[in-house]
Amino acid sequence: MHLYIAYKNYSSWSLRPWLAMKVAGIDFEETILPFYHSDALSKFAQQHAIPAAVPILETQGDIIWDSMAIMEYLAEQYPEAKLWPADQSLRNLARSTAAEMHSSFLALRSQFPMNCRVTANVEPTPESQLDLERLAQIWQKFTAFDVEGRFLCGHFTIVDAMFAPVMWRVKGYGLTVSEEFKAWSDAMLTLPAMQEWLAGAQQEEWSIPHYDQVAGL
Ligand SMILES: N[C@@H](CCC(=O)N[C@@H](CS)C(=O)NCC(=O)O)C(=O)O
């Protein structure tokens, strides 16, 4: 199984399935396609007639693109990893909010590109502030389930992977969501896989100036 990703520092969509696979203990090879610095991703996409975007998973002779499609495949193939929670209502909430992350939060995502290396204080726009308030509301919904464990569904699931880049955004740009969100962020940071991703981001020599400028670099 081969996962194609991009810059560990900046590629939020890459982080999601990469983290899910690491936490689930799924063995895979990875290749970084730095699309601002090389045409390898566009060539790969042309060859397979898929969008020139990462993440892409190559498995059992198939190509799967888009983070949600990859993570649904993983949940199906590795049931023992429990990548969705067993409880139906909790799974409904986890699926809905993972899908909401995939399709929404446009203001937050565009104002604050994921940039794991930065530590800054940037004021959110009113639109981004609404997204932060929506996050707090989502965290309250999970808290209401009162499950044991530090992740949204107790143990780590796809919904944690889906929100992992939001954790870097909130942390990196000095944003505030809620106490519940902070506790979850602390748990996410203790994952060896998150630390491995961060170390990878810190070692990368590529930089993307228009993203770094957001943090005043
Ligand atoms: N909806 C896609 C989004 C994928 C995406 O936009 N990936 C970005 C990197 S984070 C990309 O590959 N961009 C290529 C480019 O801008 O040329 C998913 O969930 O995988």
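From a predicted model like this one, the values you see are computed outputs, not experimental measurements.

A. Inspection of the sheet that holds strand β4 (residues 62-65) at higher detail. A sheet is described by the order of its strands in space; here 4 strands give the open sequence β2-β1-β3-β4, paired in mixed fashion. Strand pairing shows two members of the sheet lacking a second neighbour, β2 (29-32) and β4, which therefore form its edges. On average, each strand axis in the sheet is tilted by 20° relative to the strand beside it, whichever way the strands run. Bridge count for strand β1 (residues 2-5) against β2 is 4 bridges, and the pairing is parallel. For L3, the partnering residue across the bridge sits in β2 and is E30. Against the sheet, helix α1 (residues 12-24) makes contact with β1, β2 and β3 (56-59), and its axis sits at roughly 150° relative to β1, the strand it touches most.

B. View of the environment of E204. For E204, the position within the fold is in the loop between α9 (192-203) and α10 (209-212). Taking the C-alpha atoms as reference points, E204 and K8, 196 residues apart in sequence, are found 7.6 Å from one another. Once residues within four sequence positions are removed from consideration, E204 is found in contact with Y7, K8, N9, I32 and R117. Within the structure, the side chain of E204 is placed 3.2 Å from the backbone nitrogen of N9, a separation counted as a polar contact.

C. Just the site of the ligand, in detail. Taken together, S11, S12, W13, F35, A52, A53, V54, P55, D66, S67 and H102 are the residues near the ligand. Contact between the ligand and S67: an oxygen atom at 2.6 Å from a side-chain N or O atom of the residue. One of the side-chain N or O atoms of H102 is found 2.9 Å from an oxygen atom in the ligand. Look at the ligand: alone it shows 520 Å² of surface, and the protein chains cover 69% of it.

D. How the structure looks around the environment of Q88. With respect to the element layout, Q88 can be found in helix α4 (residues 88-103). One polar contact links Q88 to R91, side chain to side chain, over a distance of 3.1 Å.

E. Representation of the pattern of salt bridges in the model. Enumeration over the complete set of coordinates arrives at 6 salt bridges. For E196, the salt bridge is made with K22, and the minimal N-O distance between the two is 3.0 Å. Remark: K22 occurs in helix α1 and E196 occurs in helix α9; sequence separation between them is 174 residues. Residue K22 is classed as partly exposed on the basis of its relative accessible area of 30%.

F. Spotlight on the environment of P165. Secondary-structure assignment places P165 in helix α7 (residues 158-172). Owing to a relative accessible area of 0%, P165 belongs among the buried residues under this scheme. Once the C-alpha coordinates of P165 and S12 are considered, the two residues, 153 residues apart in sequence, prove to be 5.4 Å apart. Leaving out residues up to four positions away in the same chain, P165 has contacts with S12, L15, R16 and M114.

G. Structural context of α1. Counted at 1.5 Å a residue, the expected span for α1 with its 13 residues is 18 Å, and the 19 Å between its end C-alpha atoms agrees. Listing the buried residues of α1 in full gives S12, S14, L15, R16, P17, W18, L19, A20 and M21. Count one or two residues on from α1 and you reach G25, which has phi positive near 75°.

H. Focus on the domain arrangement of the protein chain. Each assigned domain of the protein chain is listed with its residue range as follows: domain 1 (2-81) and domain 2 (88-196). A separation of 21 Å is found between the C-alpha centroids of domain 1 and domain 2. Every contact between the two is made by 19 residues of domain 1 and, on the other side, 22 residues of domain 2. Broken down residue by residue, the surface that domain 1 buries against domain 2 is led by N9, R16 and L19, which jointly contribute 30%.

Rules of the game
Counting restarts for each chain: residues are numbered from 1 in the order of the written sequence. Totals for whole chains, interfaces and linings use every residue, but because this is a predicted model, local features are given only for residues with pLDDT of at least 70 and side-chain atom pairs only at 80 or more, for both listing and counting. Side-chain numbers come from the whole structure's heavy atoms, not from hydrogens or water. Note: two strands are recorded as paired if DSSP finds a minimum of 2 bridges between them. What counts as a helix is a DSSP run of H or I of at least four residues, what counts as a strand is a run of E of at least two, and both are numbered from the N terminus. To get an axis, fit a line to the C-alpha atoms, keeping to the stretch in contact for a helix; angles then go from 0 to 180 degrees between the N-to-C directions. Whether two residues are in contact is decided by their heavy atoms, any of which lying within 4.5 Å being enough. Pairs of N or O atoms within 3.5 Å make up the polar contacts considered here, provided that, within protein, one atom can donate a hydrogen while the other can accept it, and that residues adjacent in sequence are counted only when both atoms are side-chain atoms. Nearness is judged by heavy atoms alone; a residue qualifies as near a molecule or strand once a single heavy atom is within 4 Å of it. Note on areas: these come from Shrake-Rupley sampling with a 1.4 Å probe, and a residue is covered only by the protein chains present in the view. Salt bridges are defined as contacts in which a side-chain nitrogen from Lys or Arg sits within 4 Å of a carboxyl oxygen from Asp or Glu. Only protein chains enter the accessibility calculation, which uses a 1.4 Å probe; a residue whose area is less than 20% of its type maximum is buried, one above 50% is exposed, and one in between is partly exposed. In a helix, the anticipated span is given by 1.5 Å times the number of residues less one. Note: domain ranges come from an automatic or database domain assignment. Buried area: the sum, over both parts, of the accessible surface (1.4 Å probe) that disappears when the two are put together.

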